[in-house]
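Geometric and topological summary
What follows is the residue order along each chain.
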Amino acid sequence: MIATQAKLVYQLNKYYNERCQARKAAIAKTIREVCKVVSDVLKEVEVQEPRFISSLSEIEARYEGMEVISPNEFEVVLYLNQMGVFNFVDDGSLPGCAVLKLSDGRKRSMSLWVEFITASGYLSARKIRSRFQTLVAQAVDKCSYRDVVKMVADTSEVKLRIRERYVVQITPAFKCTGIWPRSAAQWPMPHIPWPGPNRVAEVKAEGFNLLSKECYSLTGKQSSAESDAWVLQFSEAENRLLMAGCRKKCLSILKTLRDRHLELPGQPLNNYHMKTLLLYECEKHPRETDWDESCLGDRLNGILLQLISCLQCRRCPHYFLPNLDLFQGKPHSALEAAAKQTWRLAREILTNAKSLDKL
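Rules behind the numbers
Residues numbered from 1 in each chain as written. Predicted model: local features only at pLDDT ≥ 70, side-chain atom pairs only at ≥ 80, totals over all residues. Heavy atoms only, no water. Axes fitted to C-alpha atoms, helices over the stretch in contact; angles between N-to-C directions. Helix = DSSP H or I, 4+ residues; strand = E, 2+ residues; numbered from the N terminus. Left-handed = near helix turned anticlockwise from the far one by under 90°. Contact = heavy atoms within 4.5 Å. Nonpolar A, V, L, I, M, F, W, Y, C, P; charged D, E, K, R; others polar. Buried < 20%, exposed > 50% of the residue type's maximum accessible area, 1.4 Å probe, protein only. Core = buried A, V, L, I, M, F, W, Y, C linked by side-chain atoms within 4.5 Å. Salt bridge = Lys/Arg side-chain N within 4 Å of Asp/Glu carboxyl O.

1. Some words on the packing of helix α7 (residues 271-284) against helix α8 (residues 296-313)
- Remark: α7 packs on α8, axes separated minimally by 10 Å, with the N-to-C direction vectors making an angle of 115°. Relative to α8, the crossing made by α7 is right-handed. When α7 is examined against α8, the residues Met274, Leu277, Leu278, Glu281 and Lys284 are found in contact with a partner set consisting of Asp298, Arg299, Gly302, Ile303, Gln306, Leu307 and Cys310.
- Looking at side-chain class alone, the contact of α7 with α8 contains six nonpolar, two polar and four charged residues.

What follows is the structure in structure tokens.
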């Protein structure tokens, strides 16, 4: 048994060094190419409207504010300034979302975003996005890359198609530090020893983002509060939780397997599902010794089996917001196909570690 485990770990490390590192290098090259174009467009936006200042910055060859959704799809989070005069309201009525309401009606004129505040005092995510979309469309026409970049039509999101190969979504956002959403108050579960109290304090201090984007949990609902709602995002908090042991290596292998074998019609699975299930696996195996390199095979198998279970139940709860289902709106047939394909993949890895050479 131990020999079999050791073989699997050896093959996974080989897979990581060959396939995962090659994927990382290819994505890093794409990011450099994509960021040149996006930075140029955002410079033009800033000239027209100084409230939208690009927060895309290169730090030690990594771009801050850039999320990789898949090798050809990216999201740039554009942090907006000043949120002070608003109260953050997340009463659970809009799963995965919150609204920003003026804390005092008389302070309306003090807000940097005064013209995007609705009659009922909400800062409208959709109105800000709509204004930003207009500015980006104008910037695309003026920027020096106008021959290779165009806006993606038929969406309220701000999306650019670059060289007909890559799609980059640019999402206006507010950074919220020092507060924690009420809808995530159940985290961490009191009976689970991971992560320890110090790490929990760090994560909560890191805070979260509020994004102006379409929220899939609200699709089809048309009330004004929903169009004003901001989507909660916890990427910095999640990354902080995955720092120790072989967690990041495990995520890298999962992303590579997804890109190569689980890119299916109907887009049932993305890399965020992999990250979410990895976080749940950390709770199931709270001791740091469970995340030693020698346990890599066990952790990967555990996550793949959990993924199959979620796909079969057609439900994948968000790690911090368990009322939010990450499979909502996904076609059942696509989830079924993904369950079968994940099962084939898991069985192959479990029964024959050498199969990783071909995967």
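So that's the structure; there's more coming.
2. Details of the environment of Trp113
- Counting through the fold element by element, Trp113 comes out in the loop between β6 (97-102) and α2 (125-142).
- On the accessibility criterion, Trp113 (0% relative accessible area) is buried.
- It is 9.9 Å that separates the C-alpha atoms of Trp113 and Leu80, two residues lying 33 residues apart in sequence.
- If near-sequence neighbours (up to four positions away) are discounted, Trp113 is found in contact with Arg51, Phe52, Leu80, Asn81, Gln82, Leu123, Ile128 and Phe174.

3. Remarks on the nonpolar core
- Core analysis: the largest hydrophobic core is formed by 102 residues, its most contacted members being Val38, Leu123 and Phe320.
- For this core, the element with the most residues is helix α1 (residues 2-48), which contributes 14 residues.
- Apart from the residues lying within four places of it in its own chain, the contact partners of Leu123 are Phe86, Leu100, Trp113, Phe116, Ile117, Ile128, Phe174, Asp228 and Trp230.
- The next biggest cluster of nonpolar side chains, apart from the first, holds 10 residues, and it includes Tyr79, Leu94, Cys215 and Ala229.

4. Side note on the pattern of salt bridges
- Here the structure, examined in full by the defined rule, presents 22 salt bridges.
- In this structure, the salt-bridge partner of Arg247 is Glu288, at a minimum N-O distance of 3.0 Å. Placement of Arg247 in helix α6 (residues 247-261) and of Glu288 in the loop between α7 and α8 is noted, with a sequence separation of 41 residues between them.
- Judged by its relative accessible area of 43%, Glu288 is partly exposed.
- Salt-bridge contacts for Glu281 lead to Lys284; the nearest nitrogen and oxygen are separated by 4.0 Å. You can see Glu281 and its partner Lys284 sitting in helix α7, three residues apart, about one turn around the helix.
- Residue classification places Glu281 among the buried positions, given a relative accessible area of 2%.
- Salt bridges sharing partners connect three or more residues here, namely Arg23, Arg258, Asp259 and Glu263.

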